[in-house]
Amino acid sequence: MRFRYVCALLLGWLLVHSAAAQDPDPPHVVRDTLLLKDPKGPHISEAYRYYTEPFEVAPNPEQAEARWRDGKFKTGPWHKTLNLGTVHERVWMRLAVRNTEAQRLRFVWSIFNFTDSAALYCRRQGETRFTRLAAGSSWVPAADRQFPARSVSLPFTLEPGESAVLLLRADVHTGGVYLPTYIETVEHFLAWEMGFPFERHWVWLLGFYLSSALFNLVLFAFLRDRIHLWYVGYVVGVSLFLMMEDGLDALMMPAGLYRLVWSVGQYNLMILAAAAGIRIMQLFLRLRSGWPRLHRAGNWLAGLAVVFVVFYAALFPWAVAHSLTLVRVLNWVREALLVVVFGYGWATLLAVLLTRRRRQLAAFYALTYFFFFTGFAVFWLNHFGITSFNPVYPNTLAWGLFLELLVLSALLTGRFHYTLRQIARLRIRQLHLRNTQSARLIAAQEDEREQLARELHDALGPNLMALHLAWQGPAVREALASSPAAAGAGQQAEQLLRRLRDDVRTFSHTLLPARLGQGSLTESVQQLGSLINLHGGPEVRTYCDQTVDQLPIPLQQATYRIAAELLNNAVRHSGATKVLVQVLRHPSTLEVLVEDNGRGMEPRAPGGGIGLRGVQARVEYLRGHVHIDSSTQGTSIVVQIPC
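Participant: Got a minute to help me understand a nonpolar patch on the surface in this structure?
Facilitator: A grouping of Leu 210, Leu 214, Leu 217 and Leu 229 is seen on the molecular surface, where their side chains present a nonpolar patch of about 350 Å² in accessible area. For the nonpolar patch, the element with the most residues is helix 4 (residues 202–223), which contributes 3 residues. On the secondary structure map, Leu 217 appears in helix 4.

So this is what it looks like as structure tokens:
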């Protein structure tokens, strides 16, 4: 209901503004001669007459003058632009003029819309035939025209008090004969051109279009969401169309780019922009998941639009030269395609609005679509010659695009924030999943270590003990006592068995996780050091801060694992006689230090062993880091973990 109320208010404002913008018609006095004096003089529409003829007829000013004598010329619309709609014919405009000033003046007769070719013919007093004074074409960039300007401007001069008859020929093959035209002195024309971008609001309108496109490029750089690229394509297409409508492209674009844009065609750029608009609508309303048939239809329609534009651009130049019937067909297909594209937009919005899913999104997007479609409708009614009014400057389409982009930018900004929140939620979910999986993996590793430790302690340990006892039996003793060599070998074997039994006991205790229910982290580390000292290894000294026993149990278990692994490496590989193990708690980190006086690690060894790789993997999971300092005097390994 609120959306309908807003739309009704906007439509009412547009109608009131349109009515207010129309000046009351002055008396319709048709003049025989236009007096060329100051800019506030009579309007050109008060004096010119026009006539149309097929393009198949060769242009000839004398034949056009004969049509004038036969009464074939008509008066143009009073104080309005000559708008013949989709007529595919050449236009002749006849005007009798007189210079009322007491000095020689130079004038320009300008056409402010795209014209394939134009020519100005003049017959002065005392002359019987027309002379061509100037010619021009919108296909030529402004800098290369006879009179450099955004419009096709054809200059002529008149002596003081001189009268003349002018014939202006205009050929337009694009399917829309809309000829805003004026005659002014060169001085006034140049002054008007200098202030035109400011007076008609083009400076800040184009600035807004450009900034809107750049803003969406920034959003795409953050999100990699293709809707923002389609938005840029849409803005570029419609902006080029509007620039071409008022001739700004001839002034602002390099010659090569200007010719390339016009080879595509002004109205074809609107078709491409409409195809980009379809993609924006599909992505914004998420049609793929909710309305797959509408989504496929939009894809086909957008693809058809692109194919048609390519076909039109390739075939149109040939058709102008060889088949004017084909030119008409191409233009009418273009108009029909535009109607179908905009009809698809309304049909899609209506289909989504009639369902509960995403109705609010469709309502917001319908508001943006309404703004542009209103401007487009007014513009296209003028294009077809049904109406001929322009309530705002530069035109309703430019303001419709401004309002549409204003609302659409707000919607896409909201979509940007929504996407950021979704990404944040997804990352949090992924972190939770990763932490859960890591916790399960560590728990599984702990179970495997505990099982392996029990196997070593309960299976291999008793067997080694039994073997040791059997080795000390009477029969073996008697056999070994039979010779000194056997006695020496037996003594060595007994030492190896004792060492193997002690190693199995040490490894089993190292593999077992800290029993924090029975003993704290401090006690577990101390017991591990005492066990190694008991079996004749290097002298192990341990120290733990009292506060480490207050850490969370998972962190205590991980700390014990790290200390046990580093201590085991020092005992087995360093050849040290002294090993120091410290667990220190700092305000924001937990530090594990294992230091020995062994022979050090080889240059390729740090991080290369299985034990150290396991320690580094565990520390990385805990978002900590490992520092190794090794030399021939010993090795120091420091592990820091956030706590």
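Participant: Before we go on, may I ask you to explain the sheet that holds strand 14 (residues 578–585) in this structure?
Facilitator: Note: strands within a sheet are paired through backbone hydrogen bonds, in either parallel or antiparallel orientation. One open sheet accounts for 5 strands, arranged 13-14-15-17-16; its pairing is mixed. Strand pairing shows two members of the sheet lacking a second neighbour, strand 13 (539–544) and strand 16 (625–631), which therefore form its edges. Here the average twist between neighbouring strands, direction ignored, is 10°. Sheet topology note: the strand 14/strand 15 (residues 589–596) ladder contains 7 bridges and is antiparallel.

Participant: Would you mind going over the sheet that holds strand 9 (residues 152–158) with me for this structure?
Facilitator: Strand order in the open sheet made by the 3 strands is 9-6-12, with antiparallel pairing throughout. Every other strand in the sheet has two partners, leaving strand 9 and strand 12 (181–185) as the edge strands with one partner each. The sheet shows a mean angle of 20° between the axes of neighbouring strands, direction not considered. With 5 bridges connecting them, strand 6 (residues 105–111) and strand 12 associate as antiparallel partners. Across the sheet, the residue bridging to Ser 110 is Tyr 182, located in strand 12. Across the sheet, helix 3 (residues 186–199) lies against strand 6, strand 9 and strand 12, angled at about 115° from strand 12, the strand it touches most.

Participant: Explain the packing of aromatic side chains here, please?
Facilitator: Given two aromatic rings, one states the distance between the centres and the angle between the planes to describe the pair. Applying the stated criterion to the full structure yields 24 aromatic pairs. Note on Phe 342 and Phe 376: the rings are 4.1 Å apart at their centroids and 25° apart in plane angle, and the pair reads as stacked. Residue Phe 342 is found in helix 11 (residues 324–353), and its partner Phe 376 is found in helix 12 (residues 359–383); the two are separated by 34 residues along the sequence. We classify Phe 342 as buried; its relative accessible area is 6%. Of the residues examined, Phe 376 reaches a relative accessible area of 7% and is grouped as buried. With centroids separated by 5.0 Å and ring planes inclined at 85°, the aromatic side chains of Trp 346 and Tyr 369 adopt a geometry described as edge-to-face. Residue Trp 346 is located in helix 11, and its partner Tyr 369 is located in helix 12; the two are separated by 23 residues in the primary sequence. With relative accessibility at 9%, the residue Tyr 369 sits in the buried group.

Participant: Please clarify how the nonpolar core should be interpreted in this entry.
Facilitator: Nonpolar side chains in soluble globular proteins generally cluster together in the buried interior. Trp 202, Tyr 209, Tyr 234, Leu 242 and Phe 372 are the most contacted members of the largest nonpolar core, which totals 82 residues. Sorting elements by how many residues they give to this core places helix 8 (residues 266–285) first, with 14 residues. With residues up to four places along the chain from it excluded, the contact list for Leu 242 reads Trp 202, Tyr 209, Asn 395, Leu 397, Ala 398 and Leu 401. Of all hydrophobic cores here, the second largest spans 32 residues; its members include Val 91, Leu 95, Val 97 and Ile 111.

Participant: Teacher, can you tell me more about the side chain of His 295 here?
Facilitator: Topologically, His 295 is positioned in helix 10 (residues 292–322). Given the relative accessible area of 8%, His 295 is considered buried.

Participant: I'm lost on the packing of helix 7 (residues 255–264) against helix 8 in this one. Help?
Facilitator: When two helices pack together, their arrangement is given by the angle between their axes and by how far apart the axes lie. In contact at an axis separation of 6 Å, helix 7 and helix 8 are set at 75° when each is read in the N-to-C sense. Here helix 7 lies roughly perpendicular to helix 8, going by the angle between them. Two secondary-structure elements touch here, helix 7 through Val 261, Trp 262 and Val 264 and helix 8 through Gln 266, Asn 268, Leu 269 and Leu 272. Split by residue class, the contact of helix 7 with helix 8 holds 5 nonpolar, 2 polar and no charged.

About the thresholds
Residues numbered from 1 in each chain as written. Predicted model: local features only at pLDDT ≥ 70, side-chain atom pairs only at ≥ 80, totals over all residues. Heavy atoms only, no water. Patch = residues over 30% accessible without salt bridge, like charges linked within 9 Å, V, L, I, M, F, W, Y side chains within 5 Å. Areas by Shrake-Rupley, 256 points an atom, 1.4 Å probe, with all protein chains shown as cover. Salt bridge = Lys/Arg side-chain N within 4 Å of Asp/Glu carboxyl O. Helix = DSSP H or I, 4+ residues; strand = E, 2+ residues; numbered from the N terminus. Pairing = 2+ DSSP bridges. Axes fitted to C-alpha atoms, helices over the stretch in contact; angles between N-to-C directions. Contact = heavy atoms within 4.5 Å. Phe/Tyr/Trp six-rings, centres within 6.5 Å; stacked < 30°, edge-to-face > 60°. Buried < 20%, exposed > 50% of the residue type's maximum accessible area, 1.4 Å probe, protein only. Core = buried A, V, L, I, M, F, W, Y, C linked by side-chain atoms within 4.5 Å. Parallel < 35°, antiparallel > 145°, perpendicular 65-115°, else oblique. Nonpolar A, V, L, I, M, F, W, Y, C, P; charged D, E, K, R; others polar.

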